[in-house]
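Survey of secondary and tertiary structure
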Amino acid sequence: MMKLDRIIAVRNTKTVYRDSDKCIKSFISGYSKTDILNEAYNLAMIEETGLNTPELIEVTRIDGKWSIVTEFIKGKTLSQLMKEFPDKKDEYLKLFVETQITIHEKSCPALIKQRDILNRNIIQCELDANTRYDLYNRLERMPRHTKLCHGDFCPSNIIIDDEGISHVIDWSHAAQGNASADAAETYLMFWMNGDISGAQRYLDLFCELSGIDKEYIIEWMPLVAAAKTLKCNEKQKEFLLSWI
């Protein structure tokens, strides 16, 4: 029987526990069962690409709460390492970008399309109708790619194990789409977390290592920013609106 007595992380909608060699993500009561099963489904598909990611073990109910059980990866997140060793931040950022580019080299045809997620979020956001219409037209003009995109690629979702190997976690927002849009998402997250210099360094490194021109990523910024206004605080919203 699994034990929920060693907490790894606490979020608004879930608590993550460790039980020996297992990691248990336990969701709050009433959390969407569809979203939980979709996250597990995404992880199962990602495993098949050969990327380093925790193995899905099961989806179950523990103490009445729906939980996703995966392999536990022993190590530290890139976010933790950047805080502990600030002098190595550039080195960690390079590893971070290289990992993201490796993800973009994969494909996962059964995943939801990135543009469908963006379109749905733009429709639901609190922008005026004319702005939403303009954003919809911009989205329709954007290139239609089918690269694997993480959708929430940030240093806290990368675990470096004891052998220095990076493992990518939390695939709940995974989709197939455009690498430039995925990079725009990551850039905005750095900014929203207050790491403005890190955001710029990330963008420079991504363009340098991927060969993608910065202008292509900037073209996606208003679209991704609009989608992100659905879940942000007032200060973050002000920043996102500046891009729109």
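Thresholds, definitions, all that
- Residues numbered from 1 in each chain as written.
- Predicted model: local features only at pLDDT ≥ 70, side-chain atom pairs only at ≥ 80, totals over all residues.
- Heavy atoms only, no water.
- Phe/Tyr/Trp six-rings, centres within 6.5 Å; stacked < 30°, edge-to-face > 60°.
- Helix = DSSP H or I, 4+ residues; strand = E, 2+ residues; numbered from the N terminus.
- Buried < 20%, exposed > 50% of the residue type's maximum accessible area, 1.4 Å probe, protein only.
- Lys NZ or Arg CZ within 6 Å of the ring centre and 35° of its normal.
- Salt bridge = Lys/Arg side-chain N within 4 Å of Asp/Glu carboxyl O.
- Pairing = 2+ DSSP bridges.
- Expected span 1.5 Å × (residues − 1).
- Polar contact = N/O pair within 3.5 Å; in protein donor to acceptor, adjacent residues only side chain to side chain.

Here the focus is the packing of aromatic side chains. Scanning the model with the defined rule gives 8 aromatic pairs in all. Between Y187 and W243, the aromatic rings sit 6.3 Å apart at their centres with planes inclined by 85°, giving edge-to-face as the arrangement. Of this pair, Y187 sits in helix α6 (residues 179-192) while W243 sits in helix α9 (residues 234-243), placing them 56 residues apart in sequence. According to the relative accessible area criterion, W243 is partly exposed, its value standing at 25%. Ring geometry for Y202 and F206: centres 6.0 Å apart, planes at 35°, overall tilted. Highlighted residues: Y202 and F206, both in helix α7 (residues 196-210), separated by 4 residues, approximately one helical turn. Accessibility assignment for this pair places Y202 and F206 in one class, buried. A connected cluster of aromatic rings, assembled from ring pairs, spans F96, F153, F190, Y202 and F206. The side chain of K88 reaches across the aromatic face of F85, ending 5.5 Å from its centre.

The next thing to look at is the pattern of salt bridges. Under the defined criterion, the tally for this structure stands at 11 salt bridges. The salt bridge involving E39 is made with K25; its shortest N-O contact spans 2.5 Å. You can see E39 sitting in helix α1 (residues 33-47) and its partner K25 sitting in strand β3 (residues 22-27), a full 14 residues away along the chain. Across the pair, K25 and E39 agree in class, each one buried. Linking D195 and K89 is a salt bridge whose minimum nitrogen-to-oxygen distance equals 2.5 Å. Here the residue D195 occupies a position in the loop between α6 and α7, and K89 occupies one in helix α3 (residues 89-104), the gap between them amounting to 106 residues. With a relative accessible area of 22%, K89 lands in the partly exposed category.

As judged from the 6 bridges shared by strand β4 (residues 56-62) and strand β5 (residues 65-71), these two strands associate in the antiparallel manner. Note on β5: the bridge partner recorded for T60 is S67. Hairpin connection of β4 to β5: 2 residues between the antiparallel strands, including D63 at a positive phi of 55°.

With 13 residues, helix α5 (residues 129-141) extends 19 Å from end C-alpha to end C-alpha; this agrees with the ideal 18 Å at 1.5 Å per step. N-capping of α5 is provided by D128, with a side-chain oxygen placed 3.1 Å from the backbone N of N130.

In short, shape yes, function no, at least from these values alone.
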